[in-house]
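# Descriptive analysis of the structure
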Amino acid sequence: MLGFTSQIRILWLLPLFILSTTIFQRCNSTNNTQLSSNCNEKDLSALLIFKHGLENHSSNTLSSWSNENDCCSWKGVLCDNITKRVTKLDLHQQYLEGEINLQSLFQIEFLSYLDLSLNGFTSLSSSFNQSHDHIQYLDLSFNDDLHMDNLDWLSKISSLKSLNLSQINLQNQTNWLQSIDMHASLLELRLSSCHLTNIFPSTKHVSFANSLVTLDLSANAFDSELPAWLFDHASDMNISHIDLSFNFLQGQIPKSLLSLRKLETLKLSNNELNGSIPDWLGQHGNLKYLNLAENLFHGSIPSSLGNLSSLVELSIGSNFMTGNIPTTIGKLFNLKSLFIGGNSLSGVLTKKHFSNLSNLEALVLSAPVSFDIDSKWIPPFQLNGISLSNTILGPKFPAWIYTQKSLEYLEVPNSRLSSIDGDIFWRFVANITQLNLSHNNISADLSNVMLNSDLIFMDHNMFRGGLPHISANVIYLDLSHNSFFGTISHLFCHKLGRENSLDYLDISSNLLTGEIPDCWEYWKGLSFLFMGNNMLTGEVPPSMDSFIDLIILDLHNNSLSGNFSLDLSNITNLEFINIGENNFSGPVPVKMPHAMEVMILRSNQFEGNIPSQLCSISSLIQLVLSHNKLSGPIPKCISNFTGMGGAKKTSHYPFEFNLYNKGQDLEYLDYGLLRTLDLSDNNLSDEIPRQVFSLVQLKSLNLSRNHFTGKIAREVGDMNNLESLDLSSNKLVGEIPDTISGLSFLSFLNLSSNYLVGQIPVGTQLQSFDASFYDGNPGLCGAPLPICIESNKYGGNNDIDDDDDDSFTQSLYFGLGVGFAVGFWSLCGSLFLNKPWRHNYFRFLNRVADQFH
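Here the structure is a predicted model, which means the values were calculated and not measured.

Looking only at helices and strands, the protein chain has 13 helices and 53 strands in total. Evaluated residue by residue, the protein chain yields a buried proportion of 48% over its 853 residues. In the protein chain, once contacts between residues fewer than 6 apart in sequence are set aside, the share between residues at least 24 apart is 52%. Here the protein chain has roughly 39,000 Å² of accessible surface; of this, 51% comes from carbon and sulfur atoms.

As structure tokens, this is what we get:
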């Protein structure tokens, strides 16, 4: 029980408690009123107008943008602490789509920083008249589908200090430099990958040159000398960072570059610069990043580069450079990344080349240089990555690499390696993320090896034994072009401890045998599967239709058989299938996804008609059904192949395959440009439907070695992209349509062994083809065949001179015995005297000869 004194204290404190509670409630009420009014009404309205231009799902990303919240607390919005006016809007990488309404955003009068980069905006509203000098930082970069037809609106933001429009299509900007030139206080300009074509090389001066600190015009299409406005007044400039890489710039490095004393970054790689790398470049003491790789430089690498003690990254490479790599490179003690490449460089690398590179993290060499390094050498560095492609590293894997305990990637392709240290090597690479041993001569049995790296390239070696085991970490595995043998079931038919990550698997071009196992449910995540050029047998198992993300399926050149009855229609990403050169039989498979682009089914035993269901796969751009047993007509619905007939271009993952084209077997690496229809060497018949010639995007059309009849339609002349046309060994009649002479890209034509007549149309290509491509058409004439005469110009044999026949007959049988002559003339005398009989007989002989051929 409380004492009297305690009760008095409570009674005394109670009014104070009530008073303080009342004050707190009032203060809280006042704060809430102030909170709702913190955001300036004009700023709030402008932001909501901008939000209104976004697509619905983008608006969901900005769910905090509502009238119920203070706009200063909205996502990406920053306000001044005192004035509560919006000063910064940063919505980069928020997956926003729709329209950028600059007109509304620029109404926020204290907005100085605007970043809408890395989104999916597709349009821009920039129609405003008044100036907006408050904008200083503007970044709209990496909105890949955004096109800007003009940059006039930039003149209204004259106080701009930083502008980044990289990865925005500005290909219609013919005066982009003039639009930028109005910003005399510009410090940073980034217009990388904007499809610009003119760098205005002859312009002498721009107003922002003296203020500019960073310039990035990389990855455009500038095809000229280096610009005068950037280098001719170098002594007056404060620029620190220049990136003009990945263009087509020509000429030599100007000596005026030496006047840019504050220059820290110079990136001129992947251009067409020539001459020698100047020795005076070694005087640029402030340079930290120097990238001159992939140009046309000649001469040697100047030893003066060893004086660039501040260098952090050095990249030099040209296939025209010669000589040795200078040992002075070893003096660059700040260097973290070193790349040197060139097919004509030579010499020997020793410890002296690396003596002081204690900070080196990445070593990339691509040149035929050898190593003279003691096996007990311990380098002064610990590398994160090694790439020694096209070097003379072998034959034995070098011991000094084993001292590198922090490696994330190890690449030694085409480095003349032939031996590795067995278990030591595989334990060493077990925790390396990327391993590349391709294009060597390494011979080792991998039957008991466990591969653990994420990305593994071991193709084009002499690895043998059974296929290795793989861990659940492996994402990319290329074991093609080796000598692995045995079955493949042990690789696929064991469930890993956790869900596997395998996305790409290539075990093609080995000596693998046996059937394809029926356990693909463990590998549903595969996107790329290559098992061609082996000796696999049996039928395709039903679990192969359980893939979810498969893009490419390649089983060609095995001994697989049976009906190909898989239902692949639910594998919606599947674009490429190659099951050619097997022994599949039955009808042509048609259970394919609508996104399918390439179907190669050649050299099998498929039979029956070409199914009309194929026509529903409208995205097909290559269909190869050659060397099968197909019969009947070509379905007229073939015109539904809009990928072959429409103007739309397709780009896809590079598909590699062999294709009989232009009269020979060719190897292709196609990115979606090739359009092919090959139905050759079947038993197809009837006339070639005109719908075939509506496939105007085709580059190759092969219908040879079938039984097609009728005339060649004049619409063949509409196939303006055609490069190869083979209609040989059919039963085509009539004249060659003159429209064919207009096919300007045609580089291969074979019309031999038909019944074509008349004069070969006059056209540059048609006369340049070998005469053998017209042979076997008795009524055909004109270059490159013998010249036409009036009697056979239009294909007739009706006026053959009797004397010619008599001469032919006499010369043919001259010297034969009298008894044979009597027998012969008893049969042929009537033919000689009866003209219609004689012509019918000759036509009969021609048909017999054609059929025999």
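Now that the structure has been shown, we can carry on.
What follows deals with the state of the cysteines. By the definition in use, this model includes five disulfides. Across the disulfide, C72 is cross-linked to C79 (sulfur-sulfur distance 2.1 Å). With the S-S bond torsion at -95°, the cross-link from C72 to C79 turns out left-handed. There is a disulfide in this structure between C615 and C637, and the S-S distance comes to 2.0 Å. Its S-S torsion of approximately 65° makes the covalent link between C615 and C637 right-handed. In this pair, C615 sits in the loop between β40 (605–608) and β41 (622–624) while C637 sits in the loop between β42 (629–632) and α9 (642–645), placing the two residues 22 residues apart along the sequence. Judged by relative accessible area, C637 falls into the partly exposed class, the value being 22%. Taking only the cysteines that form disulfides and numbering them from first to last, the protein chain has the pattern 1-2, 3-4, 5-6, 7-8, 9-10.

We now examine the packing of aromatic side chains. Taken as a whole, this structure holds 26 aromatic pairs when the rule is applied. Arranged with centres 6.1 Å apart and planes meeting at 70°, the rings of F208 and W229 form a pair that is edge-to-face. Within this pair, whereas F208 is found in the loop between β8 (188–190) and β9 (214–216), its partner W229 is found in helix α6 (residues 228–231), the two being separated by 21 residues in sequence. Between the aromatic rings of F425 and W426, the centroid separation amounts to 5.0 Å while the plane-to-plane angle is 80°, which identifies the pairing as edge-to-face. There is no split in this pair, since F425 and W426 are both buried. What links up through ring pairs into an aromatic cluster is the set F397, Y402, F425, W426 and F428.

This structure, assessed with the given rule, holds eleven salt bridges. In this structure, R705 engages D681 in a salt bridge whose closest nitrogen and oxygen atoms are separated by 3.8 Å. You can see R705 sitting in the loop between β47 (700–702) and β48 (707–710) and its partner D681 sitting in the loop between β45 (676–678) and β46 (683–687), a full 24 residues away along the chain. Note on R705: relative accessible area 29%, which makes it partly exposed. Here D681 falls in the partly exposed class, since its relative accessible area comes to 28%. E715 serves as the salt-bridge partner of R690, at 2.6 Å between the closest nitrogen and oxygen. Residue R690 is found in the loop between β46 and β47, and its partner E715 is found in the loop between β48 and β49 (724–726); the two are separated by 25 residues along the sequence. By relative accessible area, R690 is classed as exposed at 51%.

Thresholds, definitions, all that
- Residues numbered from 1 in each chain as written.
- Predicted model: local features only at pLDDT ≥ 70, side-chain atom pairs only at ≥ 80, totals over all residues.
- Heavy atoms only, no water.
- Helix = DSSP H or I, 4+ residues; strand = E, 2+ residues; numbered from the N terminus.
- Buried < 20%, exposed > 50% of the residue type's maximum accessible area, 1.4 Å probe, protein only.
- Contact = heavy atoms within 4.5 Å.
- Areas by Shrake-Rupley, 256 points an atom, 1.4 Å probe, with all protein chains shown as cover.
- Disulfide = S-S within 2.5 Å.
- Phe/Tyr/Trp six-rings, centres within 6.5 Å; stacked < 30°, edge-to-face > 60°.
- Salt bridge = Lys/Arg side-chain N within 4 Å of Asp/Glu carboxyl O.

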